[in-house]
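Observations on the three-dimensional arrangement
Here are the chains, one letter per residue:
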Amino acid sequence: MAALYERDLTCQGLGITLDEVSTGRASMRMTVAPAMVNGHGIAHGGYLFLLADAAFSYACNSYGPVTVAQAAQVTFLAPAAVGDELVAEAVERTRSGRTGIYDVTVRNSAEKVIAEFRGQSVMLAGQPHTA
């Protein structure tokens, strides 16, 4: 997973860090920067989606073969502000054949749930992460 993160210039550029990864699980962290807020002064939903999607990606790729998103949706539950440290925790719900379903919860440092994300993954045959 370290090699995958090393090539993940989007996460690195936004300051998103990979805290933990294990089989079917991942945790990532991001601090909301001033450039990440919308006209209402709250974190833009696209950045919240990106954080959750990144955690989803590491969780579903924890098995080895290259796995990508097939579909995803997010529900925004509370606003996040500049300076908020957000943690996205991804958990596998089920895998069947080449597909999987993962849930990601995004929380702030006060443990308030900011967003819930569900992603469906599909494994690409014959493409190891080292390629």
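Here is a short report on the structure shown in this document. If you're wondering where the values come from, they're calculated on a predicted model, not measured in any experiment.

Quick look at empty space enclosed by the protein
Across all of its chains, the model carries 1 cavity of 30 Å³ or more by this definition. In terms of lining, the largest cavity is formed by Cys60, Tyr63, Thr67, Arg95, Gly97, Arg98, Thr99, Gly100, Tyr102, Ser121, Val122 and Met123. Here the lining of the largest cavity is built from residues that sort into 5 nonpolar, 5 polar and 2 charged.

Some words on helix H3 (residues 45-60)
The end-to-end C-alpha distance of H3, which contains 16 residues, comes to 22 Å, matching closely the 22 Å that a straight helix rising 1.5 Å per residue would cover. Taken residue by residue, H3 has Leu48, Leu51, Ala52, Ala54, Ala55, Phe56, Tyr58, Ala59 and Cys60 as its buried positions.

Observations regarding the packing of aromatic side chains
According to the stated counting rule, one finds 4 aromatic pairs in the structure shown. When the ring of Phe56 is compared with that of Phe117, the centres are 5.7 Å apart and the planes differ by 50°; the resulting orientation is tilted. Taken together, the residues Phe56 in helix H3 and Phe117 in strand E6 (residues 113-128) connect sequence positions 61 residues apart. The residues Phe56 and Phe117 share a single accessibility class, namely buried. Taken together, the ring pairs connect Phe49, Phe56, Tyr102 and Phe117 into an aromatic cluster.

Quick look at the environment of Ala54
Counting through the fold element by element, Ala54 comes out in helix H3. In this structure Ala54 comes out as buried when scored by relative accessible area, which is 7%. When the C-alpha positions of Ala54 and Ala90 are compared, they lie 9.1 Å apart, and in sequence the two are 36 residues distant. Excluding residues that lie within four positions of it along the chain, Ala54 makes contacts with Cys11 and Met28.

Here we look at the side chain of Asn108
Structurally, the position occupied by Asn108 is in the loop between strand E5 (99-107) and E6. For Asn108, the side chain forms a polar contact with the main-chain nitrogen of Ala110, separated by 3.0 Å. With residues near it in sequence (within four places) discarded, Asn108 still touches Glu85, Leu86 and Ile114.

Points about the layout of surface pockets
For the largest pocket, the calculated volume is near 200 Å³. Considering the residues around the largest pocket, the lining is formed by 13 residues, among which Leu4, Asp8, Ser57, Tyr58 and Asn61 are closest to the centre. Elements with a contribution of two residues or more to the lining of the largest pocket: H3 and strand E3 (65-76). With 6 residues, the top contributor of residues to the lining of the largest pocket is H3. Each residue belonging to the lining of the largest pocket can be placed in one class, and the counts come to 7 nonpolar, 3 polar and 3 charged.

Thresholds, definitions, all that
Residues numbered from 1 in each chain as written. Predicted model: local features only at pLDDT ≥ 70, side-chain atom pairs only at ≥ 80, totals over all residues. Heavy atoms only, no water. 1 Å grid on protein atoms, 1.4 Å probe; cavity = no way out; pocket = protein on both sides within 12 Å on 5 of 7 lines; lining within 4 Å. Points joined across faces, edges and corners; volume = space filled by probe spheres on them. Nonpolar A, V, L, I, M, F, W, Y, C, P; charged D, E, K, R; others polar. Helix = DSSP H or I, 4+ residues; strand = E, 2+ residues; numbered from the N terminus. Expected span 1.5 Å × (residues − 1). Buried < 20%, exposed > 50% of the residue type's maximum accessible area, 1.4 Å probe, protein only. Phe/Tyr/Trp six-rings, centres within 6.5 Å; stacked < 30°, edge-to-face > 60°. Contact = heavy atoms within 4.5 Å. Polar contact = N/O pair within 3.5 Å; in protein donor to acceptor, adjacent residues only side chain to side chain.

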